[in-house]
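Structural characterization, general
This is what each chain is made of:
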Amino acid sequence: MTTTSLTGAPTEATHSAADLTGKRRIAFASYVDENYLPGFLVLLRSLALSNPSVCEDFVVLYDDLRPGSIAKIRALHPRIVLRRVNDAHYDSYKKGDQDNYLVRKAYFILDVFRMREYDTVITLDTDMVVLGDLGELLKLRHGLAAVSQFFYGQHKLNSGLLVIQREYLSDEFCARIDATGRSGDYELDKHDQGILNAVLDGDFIRLDARYNFVKRRLSGDQPVPEDTAILHFTGRHKPWQGGESGYSLAEEKWREYELDDADFHAAYLSSSGGLHHDLVVHYGTPHVARTGDVETARKVAAAHIATGNYQDAVDILESVRIPLDAAWPHEVLGHALMSVSRYDEAKAQLLLATAAPNRAATAYARLAQMAWVHGDNASALKYATSGLSVDITHRSSRLWAQRASAVPSQEQGSAEDQLAHVAFYMDRQGNAGDKLLPESVRSAFGPDTGSRRWHSVHAHRLFDEAALERVNARRGLVIGGGGLFIPDTMPNGNSAWQWNVPDDLMRRIDVPIAVYAVGFNAFDGQSYRANRFRDSLRLLVEKSSFFGLRNHGSIEKVRSMLPAHLHDKVRFQPCPTTVTRQLVPGWQDPATRDDTILINAAYDRAGLRFGHDYAYFLAQMAQAVRDLGELAEVQCVAHSLDDEKIVFDLRREHGISMPVIPMYDFDNDGIRDLYARTKLVIGMRGHAGMIPFGCGTPIISLISHPKMAYFLRDIERPEWGVSVHDRNLAAVLVERSKDLLKDHAATVADVHGRQQELWKVTEANAADLRAILGG
């Protein structure tokens, strides 16, 4: 499949979000057969209980597992990937008994090196038990790491645990393995890694022995060292086969995880620390069905809410009887119900939750939010004030109090001269990019962006009969002002995207609709799981006279959800912030620029942005800030309050200090002025790239979201982006910054040229819009 660049030339489409963001794809892998199945089930339980916040794909290589065995495996992990192995290509190997389990495992585990869909693979033997934190293994990014064999010295590795990076998951390395295997030029010892040792010849990263602590080191009933992360029951005698004398203390550790489902689920759900939401759902759902436990149902519902599965959250809590005085479950159920637009039921649940002091502030804030969604500012203020009376520091209650008490702008123009405008209208200290967007959209329709020409419709407020009447009294309806196609910023059950509009009211809009520069904003790892969004999207496209999305990546995603006959209605309309110089009346490029480089980092949905790599990202940014400081003064520009986290973390972890520019406090002119006067912006937020670009300033995007790559692909400058996961992030950032700054005038001219191409698209679309909307 191909897409079209801004110049009209076809370019190959990239469908994988991970390919665009560079996010590392990590998997565990084991070879499992029926004889070793009991060991593997214990391994899975121990992994979950010892690392409750970790849930990566687990690849099961197998050749003879029965359906019942596969069902047992799936019951213990939500992300099992089954891969049947084919040993035919090993038949020509000269050594080994193919009927011997150890020999077969030696061959089959090498299939791991034929995986291409992962960047890091961690192999675990089925006679292992995980006792400690594996976080350090998940953070490894280079080479092939293993523990040296206990009996054979530093030259050989024990392949029970391997941490394999993508340079080894390659055709070249597989060819070396195959050549060695067929030549027979290796020693296949009882530790089953002869071929691999022959290929590597000692060239591997040595891990501490605690990550593959072999049983033989405990001979004579020695206790397992407390820092052991993985205990490996090497040898012929396995714990599930009766064990071996002299190792009773080690086998006691293994038997701690020989649990039935009920005990295992209960043990996981009572674990302290951060539990992974996928594991909470996987273990908690059958636990609730078996026990009716309300607290577990609350945890499962909260996990569903965290991943945008609001109806599932409602279902799990409605399946149990919640006592009247159980405030927290009532609050979570209220949250879930309001997220699927069952507002009256949500209100009842949240009022029950206000009875408990520790949940009252949050419950009152949600009640205030619902009242505001329905346009009832008086009730919203009352609830928000009640929340602050419980906890004066409660941020959400303060936000809703500010929204509810804000004085709406007075309508100045006549309805027939106005366009209605659905957008996300940001709060005073909200995200700077979202604050600028509604005005930028309006500027694409003319210089008057105020209430004389525009009637504001907040996307997050329920679109009801009164709102419909007001819109139908205008000349037309413009929908645009950000990535409105995202499921979880302000969830609702009417549309499942940001505009809270029921289908029947959308059908009754009888003025022309123009969807303008909207983005599909789902993160890598985030998806729309309900048909509600697809149905609402299809109706919107059918109703629209103009349907423009702000990048070709969004166009691909939206078209994939539509029937073929609607594909041609979806067109490219760049975000108006990217052509700011063309839209702002009297714009003048700065005569001089500040000697600064502005850095922006984003922390919303940090797990989806960084995965296991945040510590690495921070260390790389520390080095980059040091080196960039030799080129210009480096400052942090914060689009929102949370963006300041990078400054605190750099100071605490690396002793690096940066001044902070609180852009969330700026007005729109101030935002544009600052970005126009700096020399370079290195930004992670979408509009920390698009706004400075529109002001004529060079940019480098820190890519943690597909939309950043979409934009750079559209302007045919992918080299202006670098993944937050890049193995050489600091070096790449500094090198590219030097390239852009060494002839700054030429770089600015290139930005202007790229922008001019986007302006041509915008002007062509403007001609169509004038015909549709008039004026």
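The structure this text deals with has already been given above.
Described in the following lines is the structure provided in the data block.

Parameters at a glance
Residues numbered from 1 in each chain as written. Predicted model: local features only at pLDDT ≥ 70, side-chain atom pairs only at ≥ 80, totals over all residues. Heavy atoms only, no water. Helix = DSSP H or I, 4+ residues; strand = E, 2+ residues; numbered from the N terminus. Rg over C-alpha atoms; globule rule 2.2 N^0.38 Å. Buried < 20%, exposed > 50% of the residue type's maximum accessible area, 1.4 Å probe, protein only. Contact = heavy atoms within 4.5 Å. Areas by Shrake-Rupley, 256 points an atom, 1.4 Å probe, with all protein chains shown as cover. Lys, Arg positive; Asp, Glu negative; His and termini not counted. Charge placed at Lys NZ, Arg CZ, Asp CG, Glu CD. Arc of directions from axis to C-beta. Core = buried A, V, L, I, M, F, W, Y, C linked by side-chain atoms within 4.5 Å. Pairing = 2+ DSSP bridges. Salt bridge = Lys/Arg side-chain N within 4 Å of Asp/Glu carboxyl O. Axes fitted to C-alpha atoms, helices over the stretch in contact; angles between N-to-C directions.

Another aspect to go through is the overall build of the chain. When helices and strands are tallied, the chain shows 31 helices and 24 strands. A globule of 775 residues ought to have a C-alpha radius of gyration of about 28 Å, and the chain, at 29 Å, matches this closely. Based on the C-alpha atoms only, the size of the chain along its principal axes is roughly 90 × 70 × 55 Å. A total of 775 residues make up the chain; the buried ones form 59% of that total. The contacts in the chain between residues at least 6 apart in sequence include a share of 71% that link residues at least 24 apart. With an accessible surface of roughly 30200 Å², the chain has 48% of that area assigned to carbon and sulfur atoms. For the chain, the centre of its 87 positive side-chain charges and the centre of its 100 negative side-chain charges are spaced 2 Å apart.

So, on to helix α9 (residues 261-269). Buried residues of α9: Phe264, His265, Tyr268 and Leu269, and no others. Angularly, the buried residues of α9 cover 125° about the axis, an arc narrow enough to put them on a single face. Where the residues of α9 are buried, they touch α2 (37-50), α3 (67-76), α10 (277-291) and α11 (294-306).

Now for the nonpolar core. Across soluble globular proteins, nonpolar side chains have a tendency to be buried as a group. Phe485 and Trp499 are the most contacted members of the largest nonpolar core, which totals 123 residues. It is helix α25 (residues 614-628) that provides the largest number of residues to this core, a total of eight residues. When sequence neighbours within four positions are dropped, the list of residues in contact with Trp499 reads Val422, Val457, Ala459, Phe463, Leu477, Ile479, Asn492 and Ile509. Core analysis: the next-biggest nonpolar cluster, separate from the first, contains 98 residues, Val32, Ile73, Val320 and Ala360 among them.

Within the fold, Ala767 resides in helix α31 (residues 744-773). The spacing of Ala767 and Leu680 is 87 residues in sequence and 34 Å in space, taken between C-alpha atoms.

Once that is clear, we can look at the pairing of strand β19 (residues 596-600). Counted residue by residue, β19 has five buried out of five residues, so it is predominantly covered. Alternating positions in β19 separate into two faces, Thr596, Leu598 and Asn600 on one and Ile597 and Ile599 on the other, with burial throughout. In this structure, β19 lies alongside strand β20 (residues 633-638), joined through four bridges in parallel fashion. Paired with Ile597 across the two strands is Val634, which belongs to β20. Bridging between β19 and strand β22 (residues 680-683) involves four bridges; their strand directions are parallel. Within the sheet, the bridge partner assigned to Leu598 lies in β22 and is Val681.

Of note, the phi angle at Ser341 is positive, near 65°, even though the residue is not glycine. Residue class for Ser341 comes out buried when judged on its relative accessible area of 16%. In this structure, Ala517 takes a positive phi of about 60° despite not being glycine. By relative accessible area, which is 2% here, Ala517 ends up buried.

The next point concerns the pattern of salt bridges. By the definition in use, this model includes 43 salt bridges. Arg727 serves as the salt-bridge partner of Glu167, at 2.8 Å between the closest nitrogen and oxygen. Taken together, the residues Glu167 in the loop between β9 (157-165) and α6 (171-183) and Arg727 in the loop between β24 (721-723) and α30 (729-742) connect sequence positions 560 residues apart. Under the relative-accessibility criterion, Glu167 is labelled partly exposed at 34%. The exposure class assigned to Arg727 is buried, which follows from its relative accessible area of 18%. A salt bridge links Arg713 to Glu556; its shortest N-O distance comes to 3.2 Å. Here Glu556 lies in helix α22 (residues 552-559) and Arg713 lies in helix α29 (residues 706-714), a separation of 157 residues in the sequence. In this pair, the class of Arg713 matches that of Glu556, namely buried.

Our next topic: the sheet that holds strand β23 (residues 699-703). Taken in spatial order, the six strands make up an open sheet running β21-β20-β19-β22-β23-β24, and their pairing is parallel. Each edge of the open sheet is held by one strand with a lone partner, namely β21 (660-662) and β24. Strand after strand, the sheet turns through a mean of 25° between neighbouring axes, direction not considered. Pairing geometry for β22 and β23, over three bridges, is parallel. Paired with Gly683 across the bridge in β23 is Ser701.

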